[in-house]
Amino acid sequence: MNQLTDILDQDLDPRETREWIQALQGVIQADGTERAHFLLEQLVGETRRAGGHLPFAPTTPYINTIPPEREARSPGDANMEWRIRCLIRWNAMAMVVRANRKPGELGGHIASFASSATLYDVGFNHFWRAPSDHHPGDLIFHQGHSSPGVYARSFLEGRISEEQLDLFRMEVFGRGKGLSSYPHPWLMPDYWQVPTVSMGLGPLQAIYQAHFMKYLENRGLIAPSDRKVWCFLGDGETDEPESLGAISLAGREGLDNLIFVINCNLQRLDGPVRGNGKIIQELEGSFRGAGWNVIKTIWGSYWDPLLARDTQGKLRQVMMDTVDGEYQNCKAFGGAYTREHFFGKTPETLAMVSNLSDDDIWRLNRGGHDPHKIYAAYHAAVNTKGMPTVILAKTVKGYGMGLGSGEAQNPTHQQKKMEHDAVRTFRDRFQLPIPDDKLAEVPYYHPGKDSPEVQYMLERRQALGGFLPQRRRKSSSIAVPALDTFQQITAASGEREFSTTMAFVRGMNLLLRDKALAPHVVPIVADEARTFGMEGMFRQIGIYAPFGQKYKPVDSDQLMYYREDQKGQVLQEGISEPGAMSAWMAAASSYSVSNVPMLPFYIYYSMFGFQRIGDLAWAAGDLRARGFLVGGTSGRTTLNGEGLQHEDGHSHLMAGTIPNCRAYDPTWSYEVAVILQEGSRRMLEEQEDVYYYVTVMNENYAHPEMPAGVAADIIKGMYLFRDGGKPKKGGPRVQLLGSGTILREVIAAAELLEKDFGVCSDIWSCPSFTELRKDGFDAERWNRLHPLDKKPRKPHVTACLEGRAGPAIAATDYVREYADQIRAFMPTDKRYVVLGTDGFGRSDTRAHLREFFEVDRHWIAHAAIAALAAEGQMKPEDVARAIKQYGLDPDKPNPLTV
Ligand SMILES: Cc1ncc(C[n+]2csc(CCOP(=O)(O)OP(=O)(O)O)c2C)c(N)n1
Ligand SMILES: [Mg+2]
């Protein structure tokens, strides 16, 4: 033992210690705990100045943060609220048990809501405001697996029928009446505000929703208010990096509009969260370190008298020494067990409960099941200024499911059935007036709309502005300027060369010139603004900084200096793609959450997009997000030099999996303009729930004039860029397709084919193979279902290529599968050959990379000749000549495998 721990562990002068403690007690009595805190800080400062090493202690004792004498009292009728909660608990359990008695293994969860029922009820009864004329409304992130409890409340309120409860998890069969397994705005667009259930994404999104609300307030787009974002999450869920990954942002920005409630039932799916430690202490340390106000709600009121008698601190010590695995045992095995294994740890604590029966010990409740403690915690949270709050509420997983039949058992998470006896015990525990002979069917119970319980609930909700959850589907429309406003990027560039990234940024700037629309544009970057040539926006519209710029930027003498501003419009989210994506989602759902439509553009390295934040992109679809994702430096070969981890050749496939995402890979600046205008119009004017993914490149080249009449086909995904004209002497003809930067190689290939082989090419620009696929399958499906219809529908691809001679050859900077998506819609007998960049990217020049991946002009020309030879229009000797003439190595290994 070294000297310091010796001193810390042993009291060298107990009398002196006592004097100091008495002095402190005197201060607390006379001037309160804040004054005591101040003095202690002074003492700590003094010791540090003298060289004392006082490490930061992130945790406090394992007791409630709010002592009983400082608890705010609930104005509610506690008995009434208990009865209501019993009804909700019962119906939530019944809907899951009944669903699982039907054939089909529908699943569902009882134990999660059983642990959090009181946490929700106190919020619904006293804190959460619905949007109304008087208030913008709070935003609640529910734990996904607790949805039955939320439905059960709505059932009592008369918002959801008994029939619907029986259609839980039967959304297809329910034909619009079914209830989603978890919160999904896509499936219940008037009800759920935000999607949760993919663990970690809820808390991450909640932080950025709160961040974005402050942004809207600071920019004067919404009035400042006391609205809050409440986020419920599981203790197991906090293991997801996304759950805690952004808490420092909330602390740094002092987001006092954000409240996390972590349901610490000590269990996750398989077993204990921290069997050998204490999750509440661990989380307290993390959140306090990140600048949060931490409220631990560990013990219920029944513990108060015991703690009051604990003058020696023995009980507190046992509380601290006991690990979560043991706490779980206490709730799984009951009062006698707890007496022996918990209180029995010291003679003093055992003596403390000598006058309590085993049942009394069993009733010693946890903080998260005590409405008084919860009310006090919520009250403190909503009144906290300058920092976000996390409430760490200790609960029991499967609370009420009964000893030995779910409560605190390891497999309880997945329990969807309850035996008859367990149902009876549940009924008795929560005093439901359900007769024995009805128990077998586990009937729903509604006390009637005039019952005091329902009247009380309705009155509470009315006082809080209306029902929750409720979601706003539409906001106001914003007019988007017509395409001719974008003339700067639809006109030919002449000699000027620039990239599609530049075209996009210019397009965004043109939107920023529209007075009505400009304030709604939200450029978002994850520390890559300079990469995409957006640094001009720093000065022009400023970078959002909630507390303004407190220093003179190092480049302040320059035109495009780093200007931060409380009213800044650019969201600079630092190096956090999940964070920037969540900020984008907050902006993209602001039409619903805040009744203010916004048009966010999140611009990033496309490689760090869908594959990095794919789950958020999926959630964004569910959320009905509206905005643009812009994948910069996209394609496997356009980002020369950067190599394997940077070269994206597949994000388009991922984007294509999201039903309401429209993805484009434009080549020309006018294509960018058309997509930008159309997308903005559909999202802002029409208020369609779609979002756009547009890939752009940093390769500079000249852009042609927009051909007349192609706008609609750009949107469809394919148009004739150049007709090959009449072939000389009836020579062969090919159809060449391309997108993005590789379209330029396609054009060059057409020239080679003409010059070297007398082959004539029609050139098709295909800004979206993904949209073409959707259109094709849609037409095909319709035709199959309408066999007698006189006018079969024609896929756009078919319509374009029908009657055009020769095989089709496509090349893109993406994997083959991307362009291959349209194979099914080729006119009958049309040969279709696809080139793509399958394989790992690597660093080199663009030219070398395109040669390597076999998508450059030579490989395209060669593929065209080979296709013509396969059709007998040319000879194998022609193919051999192309190989030789273009210097292709026949023994080159397949790029996929090297
Ligand atoms: C990303 C992700 N991984 C896994 C799951 C599956 N899953 C659902 S609930 C759950 C356990 C949740 O435990 P906890 O967060 O403690 O919540 P509790 O139900 O205990 O309140 C798991 C692993 C999921 N929904 N999302
Ligand atoms: Mg848990």
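Everything discussed here concerns the structure shown above.
What you see is a predicted model; the values in this text were computed from it and never measured. (Residues numbered from 1 in each chain as written. Chains lettered and ligands numbered in written order. Predicted model: local features only at pLDDT ≥ 70, side-chain atom pairs only at ≥ 80, totals over all residues. Heavy atoms only, no water.)

## A few points about the coordination of the magnesium ion (ligand 2)
- Only Asp-235 (OD), Asn-265 (OD1) and Gln-267 (O) from the protein coordinate the magnesium ion (ligand 2), and they sit 2.0 to 2.1 Å from it.
- When the donor residues of the magnesium ion (ligand 2) are listed from N- to C-terminus, their spacing reads D-x29-N-x1-Q. (Donors = N, O, S within 2.8 Å, 3.2 Å for Na, K, Ca; no water.)

## Concerning the sheet that holds strand S11 (residues 628–632)
- Spatial strand order, S9-S6-S10-S11-S13-S12: six strands in an open sheet with parallel pairing. Two strands bound the open sheet, and with one partner strand each, they are strand S9 (571–572) and strand S12 (661–664).
- Bridge analysis of strand S6 (residues 521–525) against S9 gives two bridges, and the strand direction is parallel. When the bridges of S9 are listed, Val-525 appears paired with Gln-572.
- Each of S6, strand S10 (599–605), S11 and strand S13 (691–695) touches helix H22 (residues 500–512); the most contacted strand, S10, lies at about 160° to it.
- Lying over the sheet, helix H24 (residues 577–588) contacts S6, S9, S10, S11 and S13, oriented at roughly 165° with respect to S10. (Pairing = 2+ DSSP bridges. Helix = DSSP H or I, 4+ residues; strand = E, 2+ residues; numbered from the N terminus. Contact = heavy atoms within 4.5 Å. Axes fitted to C-alpha atoms, helices over the stretch in contact; angles between N-to-C directions.)

## So, the site of ligand 1
- Neighbouring ligand 1 are 18 residues, the closest being Ser-112, Gln-143, Asp-235, Gly-236 and Lys-397.
- Contact distances for ligand 1 include 2.7 Å between an oxygen atom and a side-chain N or O atom of Gln-143.
- Between Gly-236 and ligand 1, the recorded distance is 2.8 Å, taken from a backbone N or O atom to an oxygen atom.
- In isolation ligand 1 offers 590 Å² of accessible surface; the protein chains occlude 76% of this area.
- Here the residues of the shell around ligand 1 are counted per class, giving three nonpolar, ten polar and five charged. (Near = heavy atom within 4 Å. Polar contact = N/O pair within 3.5 Å; in protein donor to acceptor, adjacent residues only side chain to side chain. Areas by Shrake-Rupley, 256 points an atom, 1.4 Å probe, with all protein chains shown as cover. Nonpolar A, V, L, I, M, F, W, Y, C, P; charged D, E, K, R; others polar.)

## With respect to the packing of helix H8 (residues 201–218) against H24
- The N-to-C vectors of H8 and H24 enclose an angle of 60°; their axes lie 8 Å apart at closest approach. One element, H8, and the other, H24, form an angle in the oblique class. At the point where H8 passes H24, the crossing takes the right-handed sense. Contacts between H8 and H24 involve Leu-204, Gln-205, Tyr-208, Gln-209 and Phe-212 from the former and Pro-578, Gly-579, Ser-582, Ala-583, Met-585, Ala-586 and Ala-587 from the latter.
- Partitioned by chemical class, the residues of the contact of H8 with H24 number eight nonpolar, four polar and no charged. (Parallel < 35°, antiparallel > 145°, perpendicular 65-115°, else oblique. Left-handed = near helix turned anticlockwise from the far one by under 90°.)

## Quick notes on helix H2 (residues 14–31)
- Between the first and last C-alpha of H2 there are 25 Å, a value that for 18 residues agrees with the 26 Å anticipated at 1.5 Å per step.
- A positive backbone phi angle near 95° is found at Gly-32, which sits one or two residues after H2. (Expected span 1.5 Å × (residues − 1).)

## What about helix H5 (residues 111–127)?
- Helix length check: H5, at 17 residues, gives a terminal C-alpha distance of 24 Å against a target of 24 Å (1.5 Å per residue), a fit within 8%.
- Largest kink in H5: about 50°, centred on Ala-117.
- Counting buried residues in H5 gives 17 out of 17 residues, a clear majority hidden from the surface. (Bend = angle between axes of the 7 residues up to and from the residue. Buried < 20%, exposed > 50% of the residue type's maximum accessible area, 1.4 Å probe, protein only.)

## Quick word on the sheet that holds strand S17 (residues 808–811)
- If you walk across this open sheet you meet the five strands as S14-S16-S15-S17-S18, and the pairing is mixed. Here the strands that pair on one side only, and so sit at the sheet edges, are strand S14 (719–722) and strand S18 (832–835). In this sheet, neighbouring strand axes are inclined to one another by 30° on average, regardless of whether the strands run parallel or antiparallel.
- As defined by bridge partners, S14 adjoins strand S16 (residues 760–765) across three bridges and the pair is classed as antiparallel. The partner of Leu-720 across the bridge, within S16, is Trp-764.

Function cannot be inferred from these measures alone, as they are strictly geometric.
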